[in-house]
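Analysis of the macromolecular model
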Amino acid sequence: MGSGKELLILGVLVMVRECLTECSLGFDTARGQCVDRNECEETPGICRGNADCFNTNGSFLCRCQQGYAHSKGLVNFTQDGRCQEVNECIGFTNICGPAAQCTNLMGSYKCTCNLGYSKSGLGNCMDINECYEAQMKQEDLCGGEGTCINRNGSYWCSCSKGYTNYGNNSTKCSPLKCDSFNGNGGPASSLGGLADILFMMRNSCVALSNPSAASEVKTDGEAQLEKLFTAAESILSPGQLNSSEDVSGLLSTVENAIMLIGPQLKDKHTRMETTETEVEIAVQRGKTRPIGPIQLTNEVAILDTDWTTAAGTGPYPGFALAALLSYKKLEKSVNRSFEGLKGHEKDGVTPSFQISSKVVSVVVSNPNTQQLNRNVTITLRHLQDTEESDELSYICAYWKESGTWSTDGCYQQESNATQTVCTCEHLSSFAVLMALYPMKHSFGLQVVTKIGLTISLLCLVLCILTFKFCRSIKGTRTTIHLHLCICLFVADLFFLAGISQTKPVGGCSFVAAMLHYFFLAMFTWMLLEGVQLYRMVVLVFNATMRPLYLYLTGYGTPLVIVVISAIIRPSGYGTDQHCWLSLKDGLIWSFFGPVCFIIILNVFFFLVTVWKLAQKFATLNPDLTQLHKIRAFTVTAIAQMCILGLMWVFGAFLFQEDNTVVAYIFIILNSLQGALVFFMHCLLSKQVRDEYAHFLSCICTPQKKRYSDFTSTNPSSSQSQALRSGQHTGESQI
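Residues numbered from 1 in each chain as written. Predicted model: local features only at pLDDT ≥ 70, side-chain atom pairs only at ≥ 80, totals over all residues. Heavy atoms only, no water.

Identification of the protein as CD97 antigen-like from Champsocephalus gunnari is taken from an unreviewed UniProt entry. Word for word, the UniProt comment on the protein under Subcellular location (unreviewed entry) is "Cell membrane". (UniProt positions renumbered as here; feature names shortened; annotations may be inferred.)

Put into structure tokens, the structure is as follows:
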């Protein structure tokens, strides 16, 4: 019992003691003693941010983790300030060494070796000997004509003479073809400015191919490209190129120049535009062949291909190039040389061609562009928005080095009014051509032509026979009418038989020359008729003209014109659609020029004739019979000139497109010519009518004629008949 009380008293005393004992800050009371308190464990996160907590006797300290530093520069702290991330890459110079790149991380950093270096066992970046490794792996870094030289972090390819790496020392050595810029006395001698381009590009090529000079040459591709197209602009700006050889020389020279300049360009995409050209060039570089699509565009064309096609399958030189070049005005110079286009006939009709887009050139680094593994697609915008029809179709063509257009290996994929999509198996300079098919004349027009010209020919035959054998109207004017009808008859005969017979070409040219000659001769005889009327009024006496002078003028003058025209433009006689003069190069004016001149002269002569007739009618004692005859002659001559002139007003547009209405009018007027001449100069003449009546009476009543021969023995009757015949002969001399 006593011991229990003692224990109770002892516990109470201890409790009292503990209550009376007071520990310092950072300590806790335990069994009457002050024990250190571990604040780091009792209060997690007491050190804010990226700091570690360290317990001390009665307190704690905060220290920033590695890669962090106190905002006030303290090493040990409690809660004053915070730890901030340290950028070792900036704060410590060359922390990774000279051959590595430092990358800052949260609380740390990372060292990455530069290209051409690798980490050694000690963690340092050491140079890679690419030449040695390539030799061990049997890889060809510099090509067959290049020597590999190791450099710190890289390697150089030293090229032999005649080879280059275009200023990129880590690419293979490629052969240079500087001979392509020699010119060889071709277009350079005739095309001004092309020699300057050839000289400039040859100097650049020779400098690149010389190992001693290549290291000193600063390759500025952009500057060379600008010089190239400035020189090309000086060639194209004066206007149309004179020959197909000049066009071929310019196109090939510019393409070769782009092949030389393209690898020297610094940017992956380069675009340049002048007043005459627009070019876009894409270049990819690397140890492996690039892959992926390529699309180059400008205002008039779109090129769709891929890098595999651009690079080719041959030895890879370390780069691939693709370029799209458009010429803004060259289509005028190449709107010719269509003789190589075959196989575009439709229903036996050969079309005519003309350029329908701008000319574009496609250049790639692939050396084998004549047979590509994959076709390229080129979209060309039309010069004019026109839909395809029965009379018009679009074809894709390329310009051959020989100076002609061809469609071999190029096909039309699709076409609308604004553009044509072409797919081609090879590369060159391209354009869209319009194949124009002549409108087929209807069956009705053919019937009208044959019937009308047949009637005209029959009437002209009657006129020729009348003027030749009718003795009562013999004279200068009748001679003129006779040869006018002969010329018109032969011209209509050639027109009816050969105007559409375009094959063979020589026969068509002959028909065109005959039509040219006899239609001109017809107008020349019409001019002689105007001159004769003028002489009849002005020169009362000696108004006749010698037949020799008439023949020399009527047949010699048109012969001279035709011969000169044939010498100057021999290819202008006959076209693909008609055997007539070509409407190109102005040859048609060798016909319309003299015709207009003759009509103007005749108008002058007729005005003077009418004025003189009016004066004579106003005299006191006019010879009315003679004046009435001259007036009748003048009226018929004016009517004849109007019909012939009006016919060739429509004839000027006969061989244009969409000419059905004009063709009907021309054929009708042409048919009326023979009938008009027969009506005015034969049926309206009383003397001719009497001759016709006498001729018909001889045919229809031969017995009466024989009876009259036996009975008409009266001398007075014979004398009177001779007198009347003499009067008629005298009148006909006028």
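On we go from here.
Bringing the overall build of the protein into the picture now. Counting its regular elements, the protein contains 20 helices and 27 strands. Counting the 734 residues in the protein, one finds 41% classified as buried. Approximately 39800 Å² of the protein is accessible, and the part contributed by carbon and sulfur atoms is 57%. (Helix = DSSP H or I, 4+ residues; strand = E, 2+ residues; numbered from the N terminus. Buried < 20%, exposed > 50% of the residue type's maximum accessible area, 1.4 Å probe, protein only. Areas by Shrake-Rupley, 256 points an atom, 1.4 Å probe, with all protein chains shown as cover.)

With that settled, consider a nonpolar patch on the surface. Together, L559, V560, V563, I564, I567 and I568 line one region of the surface with nonpolar side chains, adding up to about 570 Å² of accessible area. Residue position: I564 is located in helix 14 (residues 547-568). Note on I564: relative accessible area 45%, which makes it partly exposed. (Patch = residues over 30% accessible without salt bridge, like charges linked within 9 Å, V, L, I, M, F, W, Y side chains within 5 Å. Salt bridge = Lys/Arg side-chain N within 4 Å of Asp/Glu carboxyl O.)

Another point: the environment of K474. By the secondary structure assignment, K474 is in the loop between helix 11 (443-469) and helix 12 (476-498). Relative accessible area serves as the criterion here: at 32%, K474 is assigned to the partly exposed category. For K474, the side chain forms a polar contact with the main-chain oxygen of K468, separated by 2.5 Å. (Polar contact = N/O pair within 3.5 Å; in protein donor to acceptor, adjacent residues only side chain to side chain.)

Before going further, it helps to spend a moment on the packing of helix 6 (residues 194-209) against helix 8 (residues 221-236). Between helix 6 and helix 8, the shortest axis-to-axis distance is 9 Å and the interhelical angle comes to 165°. One finds that helix 6 runs roughly antiparallel with respect to helix 8. Judged by the sense of rotation from one axis to the other, the crossing of helix 6 with helix 8 is left-handed. In contact with L194, I197, M200, M201 and S204 of helix 6, helix 8 contributes Q224, K227, L228, A231, A232 and I235. (Axes fitted to C-alpha atoms, helices over the stretch in contact; angles between N-to-C directions. Parallel < 35°, antiparallel > 145°, perpendicular 65-115°, else oblique. Left-handed = near helix turned anticlockwise from the far one by under 90°. Contact = heavy atoms within 4.5 Å.)

Enumeration according to the criterion identifies 13 disulfides in this entry. Disulfide partner of C178: C205, at an S-S distance of 2.0 Å. Looking down the S-S bond of the C178 and C205 bridge, the torsion is -90°, so its handedness is left-handed. Taken as a pair, C178 in the loop between strand 14 (174-175) and helix 5 (187-190) and C205 in helix 6 lie far apart in primary sequence, 27 residues in all. On the accessibility criterion, C205 (1% relative accessible area) is buried. Here C459 stays unpaired: no disulfide links it, and the sulfur of C463, its closest cysteine neighbor, is 6.8 Å away. The structure places no disulfide on C463, whose sulfur is separated from the nearest cysteine sulfur, that of C682, by 4.1 Å. (Disulfide = S-S within 2.5 Å.)

Counting across every chain of the model gives 13 aromatic pairs. A ring pair is formed by F523 and F591, whose centres lie 6.4 Å apart and whose planes are at 80°; its orientation type is edge-to-face. Here the residue F523 occupies a position in helix 13 (residues 505-538), and F591 occupies one in helix 15 (residues 589-617), the gap between them amounting to 68 residues. Both residues of the pair, F523 and F591, count as buried. With 6.5 Å between their ring centres and 25° between their planes, F678 and Y692 make a pair best called stacked. Residue F678 is located in helix 17 (residues 660-683), and its partner Y692 is located in helix 18 (residues 686-700); the two are separated by 14 residues in the primary sequence. Its relative accessible area of 24% is what places Y692 among the partly exposed residues. (Phe/Tyr/Trp six-rings, centres within 6.5 Å; stacked < 30°, edge-to-face > 60°.)

Let us now look at the pairing of strand 7 (residues 100-105). Direction of pairing for strand 7 relative to strand 8 (residues 108-113): antiparallel, over a ladder of 6 bridges. Across the sheet, the residue bridging to Q101 is T112, located in strand 8. The antiparallel pairing of strand 7 with strand 8 creates a hairpin that spans 2 residues between the two strands, and G107 there sits at a positive phi of about 80°. (Pairing = 2+ DSSP bridges.)

Quick look at the nonpolar core now. F229, I258, I281 and W405 are the most contacted members of the largest nonpolar core, which has 53 residues in total. With 8 residues, the top contributor of residues to this core is helix 9 (residues 244-261). Of all hydrophobic cores here, the second largest spans 52 residues; its members include C463, L488, F495 and W525. (Core = buried A, V, L, I, M, F, W, Y, C linked by side-chain atoms within 4.5 Å.)

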